[in-house]
Every structure is written in structure tokens, then in C-alpha cells.
Amino acid sequence: MALNYDEITRKYEKYIFQTYTRQPIAIKSAKGALVTDVNGKEYIDCVAGIAVNNVGHCHPVVVDAIKRQAEQLIHVSNLYYTENQALLAQELVTLSGMDRVFYCNSGAEAVEGALKLARKASGKKEFIATEHAFHGRTRGALSVTHKEKYRKPFEPLAPAIFVPYNDADAIRSAITSDTAGVILEPIQGEAGVIIPSDDYLKEVREICDEKGTLLILDEVQTGFGRTGKWFGREHSGITPDIMTTAKAMGAGFPMGAMLAKEEVAANFVRGDHASTFGGSALACAAALANIEVIRKEKLVKRSQDMGNYLVNKLKGLKKDYVREIRGKGLMIGMELSIKCEDIVAKARDSGVLLNCTSESVLRFVPPLTITEKQVDTVVSVLNEI
Ligand SMILES: *Cc1c(COP(=O)(O)O)cnc(C)c1O
């Protein structure tokens, strides 16, 4: 017998750490841009597991790849070679403009790897990060995450200084002889979809080159077509020294990677870093299928087109509480003059899942496969609220 909503949530209250504020629905299944709860109610998903399900939920090519791989080989550790790791590494290096890959299982882990690598490569200790940046919750990643509420109880953290985002000169002034690297999101996600000016990343790249400082680009949220490019860096044409990715990488299967240019990567030698699960045969199969689907279905271009379509529709909403709508591809923020909690609840009742970030920004990061008709429904639901 399947558990009903009350039975499920009672077990959560009794047995699970109370670290999340969850929406009051229990999800049972999902397909494409639709998810279904345990009562059979359907929702159009504009959250996509927080920018994870870029190819849509349970895409048949991904499901098939996972099934076939699971029957053949799930995990053997990094004590051995597997074909999948080799094939995926070649794809990732080609897509990212980096030279080498280190496999891990999440965004925070990718950031940990990046910070360790920059620390070792530079021989220096301090990182420069940006105000409102989010890089994950493990202690290293937390040390370059800005939010006071997340940091305070866990101090002391690793040394980091924060400068305003979208201010290249602030980075120039902050770099000292102690600086190990600069870490940035190409578009700030958790901060509320903050898009920097066109030349920001280029200027930061130039400053880092001039000062001999490593540039780490955190592409955990902006990767795999989310912003209308394979990676967010392409909007400014720069290549970082180190790059992190995760979220959409495995089409929902936990997967992350830290990538670097050869000169930097060479500083990590045998024994310097490791992960038991990193790049399991199963995770790599999911990631390879993910890339195949994005390519075959031209989802990078679709992200651009549907992003423009959704932004234009949202701009047509006549709501006095909308302050700004901004986005690149299907990474879109609608900043409100009020908190968005009530709107999220009302949209959910009307069959649309939305996410609120930074209290007053509605974040739209749906599957890149979302249809025009589904977008129209989302906007008409918002219009009726
Ligand atoms: C989500 C996110 C992370 C953390 O990823 P986890 O998989 O939750 O550890 C790091 N950086 C950015 C930019 C993110 O959006």
C-alpha cells in the first residue's frame, strides 16, 4: 500500500532532520515538464529540481541509459578505469574549453575541489568572492558563500573577502599577495538571477591575468543549456582557470565535476584529491545520455527561444507588484516588490510549481523541453493570482 500525504509527512517530522522548508505536496512521479503528486494532481514544473531536470523529468533516453548501465556495472571506485569516465571526460573538455576533469557528486563538492586546487596551485590562502554569492553548504564552499545566516553558526571558515558583484574594479582592489583565487557565478542564481553587465566577466578575466590570480567560474547552476548556451561563460567569451558544474549534469542523477586548464590541473598530483563515488559508471552513463539529448533535441537553442518567449509573456502581465523581469535562456527571475511566498502557494494550488529565491524573486528554471502551451498556462495562472 502506498503512503498518503499525511503518512509521509508524519514520518518526515519524526525521522528526518528539519533543515528544509518544504512545499506541502508529496511528489509521486514526473514526465517532461509535468510532475504528479500522491493525490494524482498534476503541476507544470518551473523549478525542475532547482535547475537540474534540463532535459525534462524521466527522459526516455536517460532512463534507458541508466537501466542498461545498472544491469552492467554501477560502481567500482576510482581504483580502476571505466569506459564511461573516459568518454564523458572527452565530451566535457570539448564543451567547457577546459583541459581536465575531476569527477564528484554535487555542486558543493565541485567547489571544494576548485578551492583546494586553487589553494595548492597558488600556494596562497585567501579567496575573493562576491556579495550574495552561493557556492554550497560544505565548509569550504560555505566560506565563499555570502549569506550571514548560512555562515555565522559555522565560523571560523576559510579566509574569504566579499566584494560587490558586477564590479570588476572592486576585485582589482581586493587582490593582494594572499589571494589564491577569485570565485564567481556567471549569473548569480540563488541571489535572485542577477545578470552582470556584458563586459564584467571579460574585465575580471583581464584583471586576474594581469595580477596572476586564478579565476574560478562556478557554473553549477548555469551549465548544460540553462542560459541558452552550453555554459554561462560563453556569453562573455571567456575561459576561466577552473570551472565547476553539477546540477543538470546527470539529468537528475547526482553528478558533479571540477574542470581546469592544464597548467592549473597539473598541480593536483596522485593522492591530492579523491572521491569514492565520483564518476561512477552509472552517473557517467546518465551524464552521457544527458549530453546526447541536449544535442539531439537542440535544447541549448530551445532554451534561448523559450526563454525569450517566457520573458515576453511575463512582461505582458499587468501586475503592480512586479519590479523587474530578467533572464538569459530559461534562467529567469521576476523580482517583486512583495515577498513571493503567497504567489508560490496560489500558483501551486492552480497547478504550477514556482520557486522563490532571495524572498522576493520568483525564479523560473523549467525543463528546457517545456512547451509554448505549458508556458501559456503558467502565465495565465500568474495572471489570475
Ligand atoms: C546549487 C549550487 C551549488 C551547490 O550545489 P549542491 O549540489 O547543492 O551542493 C553551488 N554553486 C552554485 C552556483 C549553485 O547554484
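Shown above is the structure to which this text applies.
Residues numbered from 1 in each chain as written. Predicted model: local features only at pLDDT ≥ 70, side-chain atom pairs only at ≥ 80, totals over all residues. Heavy atoms only, no water.

### Considerations on the overall build of the protein
Point 1. Helix and strand counts for the protein stand at 14 helices and 15 strands.
Point 2. Compactness check: the protein gives a C-alpha radius of gyration of 21 Å against a globular reference of 21 Å for 385 residues, within 12% of the reference.
Point 3. Here the protein, with 385 residues, has 52% of them falling under the buried criterion.
Point 4. A fraction of 70% describes how many contacts in the protein between residues 6 or more apart in sequence connect residues 24 or more apart.
Point 5. Put simply, the protein shows about 18300 Å² of open surface, and 51% of that area lies on carbon and sulfur atoms. (Helix = DSSP H or I, 4+ residues; strand = E, 2+ residues; numbered from the N terminus. Rg over C-alpha atoms; globule rule 2.2 N^0.38 Å. Buried < 20%, exposed > 50% of the residue type's maximum accessible area, 1.4 Å probe, protein only. Contact = heavy atoms within 4.5 Å. Areas by Shrake-Rupley, 256 points an atom, 1.4 Å probe, with all protein chains shown as cover.)

### Side note on the state of the cysteines
Point 1. This structure, assessed with the given rule, holds one disulfide.
Point 2. Disulfide partner of Cys340: Cys356, at an S-S distance of 2.3 Å. Taking the sign of the S-S torsion, about 65 degrees here, the bridge from Cys340 to Cys356 comes out right-handed. Separated by 16 residues along the polypeptide, Cys340 in the loop between strand 12 (331–336) and helix 13 (341–349) and Cys356 in strand 14 (residues 355–357) bring together distant segments of the chain.
Point 3. The exposure class of Cys340 is buried, given its relative accessible area of 0%.
Point 4. With no disulfide of its own, Cys58 lies closest to Cys46 among cysteine sulfurs, the gap being 18 Å.
Point 5. Note on Cys284: no disulfide assigned, nearest cysteine sulfur contributed by Cys104 at a separation of 11 Å. (Disulfide = S-S within 2.5 Å.)

### Brief notes about helix 5 (residues 107–122)
Point 1. For helix 5, built from 16 residues, the straight-helix expectation of 22 Å at 1.5 Å per residue is met to within 8% by its first-to-last C-alpha distance of 22 Å.
Point 2. Here helix 5 has its buried residues at Gly107, Ala108, Ala110, Val111, Gly113, Ala114, Leu115, Leu117 and Ala118.
Point 3. Where helix 5 begins, one side-chain oxygen reaches toward the backbone nitrogen of Glu109, 3.2 Å away; that side chain belongs to Ser106.
Point 4. Directly after helix 5, the chain includes Gly123, whose backbone phi takes a positive value near 75 degrees. (Expected span 1.5 Å × (residues − 1). Polar contact = N/O pair within 3.5 Å; in protein donor to acceptor, adjacent residues only side chain to side chain.)

### Quick word on the side chain of Thr179
Point 1. Checked against the element boundaries, Thr179 lands in strand 7 (residues 179–184).
Point 2. At 2.8 Å, the side chain of Thr179 forms a polar contact with the backbone nitrogen of Thr176.
Point 3. With residues near it in sequence (within four places) discarded, Thr179 still touches Lys124, Glu126, Ile128, Ala174 and Thr213.

### Topic: the site of the ligand
Point 1. If you check the shell around the ligand, you find Ser106, Gly107, Ala108, Phe134, His135, Gly136, Glu185, Asp218, Val220, Gln221 and Lys247 and nothing else.
Point 2. Contact between the ligand and Gly107: an oxygen atom at 2.8 Å from a main-chain N or O atom of the residue.
Point 3. Between the ligand and Ala108 there is a distance of 2.8 Å, counted from an oxygen atom to a backbone nitrogen or oxygen.
Point 4. Contact with the protein chains removes 81% of the 380 Å² of surface that the ligand exposes when unbound.
Point 5. Tallied by class, the residues present in the shell around the ligand amount to three nonpolar, five polar and three charged. (Near = heavy atom within 4 Å. Nonpolar A, V, L, I, M, F, W, Y, C, P; charged D, E, K, R; others polar.)

### Some words on the layout of surface pockets
Point 1. Size it by volume and the second largest pocket reaches roughly 1000 Å³.
Point 2. Lining the second largest pocket are 28 residues; nearest its centre among them are Gln85, Arg100, Val101, Phe102 and Arg270.
Point 3. Those elements that provide at least two residues to the lining of the second largest pocket are helix 4 (83–96), strand 4 (100–104) and strand 10 (256–260). (1 Å grid on protein atoms, 1.4 Å probe; cavity = no way out; pocket = protein on both sides within 12 Å on 5 of 7 lines; lining within 4 Å. Points joined across faces, edges and corners; volume = space filled by probe spheres on them.)

### Some points on the packing of helix 4 against helix 11 (residues 281–296)
Point 1. Running from N to C, helix 4 and helix 11 point in directions that differ by 40 degrees, and their axes come no closer than 9 Å. Between helix 4 and helix 11, the angle falls in the class oblique. Regarding helix 4 and helix 11, the two cross each other, and that crossing is left-handed. From helix 4, Asn84, Gln85, Leu87, Leu88, Glu91, Leu92 and Leu95 reach across to helix 11, where they touch Ala281, Cys284, Ala285, Ala287, Leu288, Ile291 and Arg295. (Axes fitted to C-alpha atoms, helices over the stretch in contact; angles between N-to-C directions. Parallel < 35°, antiparallel > 145°, perpendicular 65-115°, else oblique. Left-handed = near helix turned anticlockwise from the far one by under 90°.)

### Some points on the packing of aromatic side chains
Point 1. Here the structure, examined in full by the defined rule, presents four aromatic pairs.
Point 2. Relative to Tyr150, the ring of Phe134 lies with its centre 6.2 Å away and its plane at 80 degrees, an arrangement referred to as edge-to-face. With a gap of 16 residues between them, Phe134 in the loop between strand 5 (126–130) and helix 6 (139–143) and Tyr150 in helix 7 (residues 148–151) connect regions that are remote in the sequence.
Point 3. Arranged with centres 5.3 Å apart and planes meeting at 70 degrees, the rings of Tyr165 and Tyr200 form a pair that is edge-to-face. With Tyr165 in the loop between strand 6 (160–163) and helix 8 (168–174) and Tyr200 in helix 9 (residues 200–211), the pair connects residues that are 35 residues apart, well separated along the chain. Here Tyr165 and Tyr200 have matching classes, each one buried.
Point 4. Within the aromatic cluster, the residues linked to one another by ring pairs are Phe224, Trp230 and Phe231.
Point 5. One residue, Arg137, lies across the ring of Tyr150, its end atom 3.6 Å from the ring centre. (Phe/Tyr/Trp six-rings, centres within 6.5 Å; stacked < 30°, edge-to-face > 60°. Lys NZ or Arg CZ within 6 Å of the ring centre and 35° of its normal.)

### Describing the pattern of salt bridges
Point 1. Going through the model one piece at a time under the given rule, you end up with 17 salt bridges.
Point 2. For Asp241, the salt bridge goes to Arg205, with nearest N and O atoms at 3.0 Å. Remark: Arg205 occurs in helix 9 and Asp241 occurs in the loop between strand 8 (214–218) and strand 9 (242–245); sequence separation between them is 36 residues.
Point 3. Given the relative accessible area of 11%, Arg205 is considered buried. (Salt bridge = Lys/Arg side-chain N within 4 Å of Asp/Glu carboxyl O.)

Functional significance is not addressed by these values, which are geometric in nature.
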